[in-house]
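Letter by letter, the chains look like this.
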Amino acid sequence: MTVVRTSVLPPYAAHLRVYEPLAAYPEPERARWQAYAAAHGPDAAEAGRPVAAAALEEQRAALAELVGRTPRALPERESERAFVRSVDGVLYVCPWATRLRTWQALDELRAAAPVALLDTALPPATRAAAEADRERWRAEHPDARPWIVTSRWEVPVRWFLPFGEEDRCFVPAGEAGDPAGDAASAAAGTGVGAADAGGAAAAGPGREEKGERGGQAALFYLTPMAQARRRVARAYRALREAVPEGDLVRGAELVGRWLEEFHPRSLVELDYGGLVHLLGPEELLADRSAGELEDGLRALRAGDAAEALRAYEELTVRWRRVLALRYAN
């Protein structure tokens, strides 16, 4: 695989991903993903390692679409790329689904951007063509859903609900590996088993992975779908009893419904993505957001509402400070 060296950093965005086992895909899609994984090999950017390099490659492709003389609101065809992990001999695939996610991003842009800015970046005729394409595509794919959801400038607190402290994996800068060949990070500390992609060994709970020298820092959580669903369900029950109208209980419902869309033996990953460049190495090393949320929920189930509120407020205030950086110059 040819690697393009660049000073461009990933966007300040976090990603929640689901990797479904190869067996979950119907034929001929299953055969296509199996051939894709075999062709890219264990040292591919998307095989069993922090996926920041592959996500950056996707960003470059999207930017190339926009800088053309006639910008396109979305790719002409769906991406045939994916993030791939191999755990205990089982292949897991998370399709990029770039076209579908671009439609969703267009909706978000339309809701957030001033009309004048939106019309300048993407003329009304371009957006209308994209909408027409989406309606035709929806008619042919009524059950389609993205394997990846994205949040810009923050990790929503509800995204930590599927994970525990033991699922956390921090790869310091300089140890995340070269984009062409780092095979570390498939399932470290997740309880999903040892990683066998690229011969990587899984680190135990609370330990840092050791990859090749070079590369940017990465922080992600990875856990089996069954564990993720159990955690979200327990959190939802506790929150519904204590604060039925709270934001977090509504968030737990949203996350739970999304997870139910996928195969029960999938993997769930929360990747800090480009947010690592906002947080810095010391804060990344100290960050234990999922563990703090677990502590708060444990206090709530024990009847200690004051401690639960303290933990939740501390977590939300810290992430609001990160979110506020989008207005910095």
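Bear in mind the structure is a predicted one, so any value in this text is a computation, not a measurement. (Residues numbered from 1 in each chain as written. Predicted model: local features only at pLDDT ≥ 70, side-chain atom pairs only at ≥ 80, totals over all residues. Heavy atoms only, no water.)

Q: Where do I start with the overall build of the protein in this structure?
A: If you tally the helices and strands in the protein, you get 11 helices and 7 strands. Expressed as a percentage of the 329 residues in the protein, the buried residues total 48%. Sequence separation of at least 24 residues holds for 81% of the intrachain contacts in the protein that already meet a minimum separation of 6. Here the protein displays about 16200 Å² of accessible surface, and carbon together with sulfur accounts for 55% of that area. (Helix = DSSP H or I, 4+ residues; strand = E, 2+ residues; numbered from the N terminus. Buried < 20%, exposed > 50% of the residue type's maximum accessible area, 1.4 Å probe, protein only. Contact = heavy atoms within 4.5 Å. Areas by Shrake-Rupley, 256 points an atom, 1.4 Å probe, with all protein chains shown as cover.)

Q: Whenever I open this one, the packing of aromatic side chains confuses me. Can you help?
A: Centre distance and the angle of the planes are the two values used to describe a pair of aromatic rings. Inspection of every chain in the model, using the stated rule, returns 11 aromatic pairs. For the ring pair F160 and Y221, a centre distance of 6.2 Å and an interplane angle of 80 degrees mean the geometry is edge-to-face. Pair noted here: F160 is in the loop between β4 (148-152) and β5 (168-171) and Y221 is in strand β6 (residues 218-224), with a separation of 61 residues, a long-range link. Considered together, F160 and Y221 belong to a single accessibility category, that of buried residues. By way of ring pairs, the aromatic residues F160, F163, Y221, Y272 and W319 are connected into one cluster. One cation-aromatic arrangement involves R17 over F83; the distance from NZ or CZ to the ring centre is 4.5 Å. Geometry around W33 places R32 over its ring, the cationic atom sitting 4.4 Å from the centre. (Phe/Tyr/Trp six-rings, centres within 6.5 Å; stacked < 30°, edge-to-face > 60°. Lys NZ or Arg CZ within 6 Å of the ring centre and 35° of its normal.)

Q: Would you mind going over the pattern of salt bridges with me for this structure?
A: Here the idea is simple: oppositely charged side chains can pair when their charged atoms come close. Under the criterion given, the structure shown has 15 salt bridges. Note that E20 and R145 form a salt bridge whose closest N and O atoms lie 3.2 Å from each other. With E20 in strand β1 (residues 13-21) and R145 in the loop between α5 (124-140) and β4, this residue pair connects regions lying 125 residues apart in the sequence. Residue E20 shares its accessibility class with R145, and that shared class is buried. (Salt bridge = Lys/Arg side-chain N within 4 Å of Asp/Glu carboxyl O.)

Q: Please explain the confidence of the model for the protein as it appears in this structure.
A: Model confidence for the protein is summarised by a mean pLDDT of 78, while 72% of its residues fall at 70 or above. Every residue in residues 1-6 scores below 50 in pLDDT, and together they form 9 contacts with partners more than four places removed in sequence or on other chains. Taken together, the stretch residues 43-48 has pLDDT below 50 and engages in 26 contacts with residues farther than four places along the chain or on a different chain. (pLDDT = per-residue confidence, 0-100.)

Q: Honestly, helix α10 (residues 289-301) in this entry has me stumped. Any pointers?
A: One turn of the α-helix equals 3.6 residues, which is why residues spaced by three or four share an orientation. The terminal C-alpha atoms of α10, which comprises 13 residues, lie 19 Å apart, in line with the 18 Å expected from a rise of 1.5 Å per residue. Taken together, the buried positions of α10 are S289, A290, G291, E292, L293, G296, L297, A299 and L300. Buried residues belonging to α10 abut β6, α6 (225-242), α7 (247-259) and α11 (305-323). Downstream of α10 by a residue or two, G303 has a phi angle that is positive, lying close to 90 degrees. (Expected span 1.5 Å × (residues − 1).)

Q: Could you clarify how one ought to interpret a positive patch on the surface in this entry?
A: On the surface, a cluster of positive charge is made up of R234, R237, R240 and R301. Looking at which element gives the most residues to the positive patch, the answer is α6, with 3 residues. By the secondary structure assignment, R237 is in helix α6. Residue classification places R237 among the partly exposed positions, given a relative accessible area of 44%. (Patch = residues over 30% accessible without salt bridge, like charges linked within 9 Å, V, L, I, M, F, W, Y side chains within 5 Å. Lys, Arg positive; Asp, Glu negative; His and termini not counted. Charge placed at Lys NZ, Arg CZ, Asp CG, Glu CD.)

Q: Whenever I open this one, the environment of G164 confuses me. Can you help?
A: Relative to the helices and strands, G164 is located in the loop between β4 and β5. Separated by 130 residues in sequence, G164 and E294 place their C-alpha atoms 6.9 Å apart. Ignoring anything within four residues of it in the chain, the contact list for G164 reads Y221, R231, A290 and E294.

Q: Before we go on, may I ask you to explain unusual backbone geometry in this structure?
A: Negative phi is the rule for most residues except glycine; trans is the rule for most peptide bonds. Of note, the amide linkage connecting E27 to P28 takes the cis form, showing an omega dihedral of 5 degrees. In this structure, D88 takes a positive phi of about 50 degrees despite not being glycine. Position of D88 among the secondary structure elements: in the loop between β2 (82-87) and β3 (90-95). With a phi angle near 75 degrees, W153 is a residue other than glycine that sits in the positive phi range. With respect to the helices and strands, W153 occurs in the loop between β4 and β5. On the basis of relative accessibility, which here comes to 22%, the residue W153 falls in the partly exposed class.

Q: Can you help me understand the nonpolar core in this one?
A: The tendency in soluble globular proteins is for nonpolar side chains to be buried side by side. Core analysis: the largest hydrophobic core is formed by 72 residues, its most contacted members being V155, F160, L259, Y272 and W319. Setting aside residues up to four positions removed in sequence, Y272 forms contacts with A13, A14, V155, F160, L219, Y221, L279, L284, D287, S289 and W319. (Core = buried A, V, L, I, M, F, W, Y, C linked by side-chain atoms within 4.5 Å.)

Q: Before we go on, may I ask you to explain α7 in this structure?
A: For α7, with 13 residues, the first-to-last C-alpha span of 18 Å sits near the 18 Å given by 1.5 Å per residue. All of the buried residues in α7 are L248, V249, G251, A252, V255, G256, W258 and L259. Looking at the packing, one finds that the buried side of α7 touches β1, β4, α6, β7 (267-271), α10 and α11.

Q: Just to check I follow, could you spell out the environment of Y312 for this structure?
A: Relative to the helices and strands, Y312 resides in helix α11. Between the C-alpha atoms of Y312 and G296, which are 16 residues apart in sequence, the distance is 6.3 Å. If near-sequence neighbours (up to four positions away) are discounted, Y312 is found in contact with V157, D247 and L248.

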